[in-house]
Amino acid sequence: MLVKTKAIIIKITRYGDNTIIADMMTREAGRVSVAVRMSGSRRKRVMSLFRPMNILMTEIDIRESRDLQVIRNYTIDYAYSSIPSDVIKSSILLFVSEFVYYTVRFEPHNAPLFDFIENALIWLDNSDGRGTANFHLVFTMRMARFLGFLPDITVYNEGDFFDLRSGSFCHSCPGHEDFIEPTEAKTISTLMRVNFMTMWVLRMTREQRNRCLQLIISYYRLHVAGFHELKSPDILSDIFN
């Protein structure tokens, strides 16, 4: 079946000299992998379009019997203006790419999730940089909504613990080790109350920001099967003061 759909490139793998394997998240068909030939005059165009987190408009011949789908047509749908030349935004994009890759590996068709990721990427590209250091924290917490395990902050009270297993705030310490102490649970609650437009109000040190990301990753590791150890958080730790 030929499907016309927007697609976000998640990961690129070289296969021989003239082919790449592109893992993509599509709006209409979920997660798919395609083989793209790049020999001759096509090489330059393919290399420019198939970069992690690029947003394309595609036509893909999808058949359940195949592991690799056939991409018929592709063109850029949104061209980044500031991200390619901005070291901080490019580093954030690298993190988002790795995070999404390991989070949605087995995610079925989920148009709202696709829309969230697309809109977040476009927002980042158009942002003036204010609050950018918190982008990855807001992104990861808000993404949980579309995966079905967003914590309910309406029940939060000062002094509550956060149970990482149940994804809920509680008055007493859970009877297991996967929880967050009240001081840090308050930070998580505050983080969940802001969005990309208001995240600049969060004043955090590098250590607080790194710790917050560690806690969020621990939360995802408990709720996403096979969640892999990430390499890109170290890069973010280096660029944000």
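Please refer to the structure higher up on the page.
Everything numeric here is computed off the predicted structure, so don't read it as measured data.

Caption draft 1: Up close: the pattern of salt bridges. If you walk through the whole model with that rule in mind, you get 11 salt bridges. A salt bridge links Lys6 to Glu118; its shortest N-O distance comes to 2.8 Å. Taken together, the residues span a long stretch of sequence, with Lys6 in strand β1 (residues 2–15) and Glu118 in helix α3 (residues 111–126) at a distance of 112 residues. You can call Lys6 partly exposed: its relative accessible area is 24%. The buried category is assigned to Glu118, whose relative accessible area is 7%. Through salt bridges with shared partners, one network takes in Asp61, Arg63, Arg66 and Arg72.

Caption draft 2: The layout of surface pockets, seen in detail. For the largest pocket, the calculated volume is near 280 Å³. Lining of the largest pocket is provided by 16 residues; of these, Arg51, Pro52, Asn54, Tyr80 and Leu93 occupy positions nearest its centre. Secondary-structure elements contributing two or more residues to the lining of the largest pocket are α1 (43–49), β5 (69–78) and α2 (87–103). Sort the elements by how many residues they give to the lining of the largest pocket and α2 lands first, with four residues. Classifying every residue of the lining of the largest pocket gives 11 nonpolar, four polar and one charged.

Criteria and thresholds
- Residues numbered from 1 in each chain as written.
- Predicted model: local features only at pLDDT ≥ 70, side-chain atom pairs only at ≥ 80, totals over all residues.
- Heavy atoms only, no water.
- Salt bridge = Lys/Arg side-chain N within 4 Å of Asp/Glu carboxyl O.
- Helix = DSSP H or I, 4+ residues; strand = E, 2+ residues; numbered from the N terminus.
- Buried < 20%, exposed > 50% of the residue type's maximum accessible area, 1.4 Å probe, protein only.
- 1 Å grid on protein atoms, 1.4 Å probe; cavity = no way out; pocket = protein on both sides within 12 Å on 5 of 7 lines; lining within 4 Å.
- Points joined across faces, edges and corners; volume = space filled by probe spheres on them.
- Nonpolar A, V, L, I, M, F, W, Y, C, P; charged D, E, K, R; others polar.

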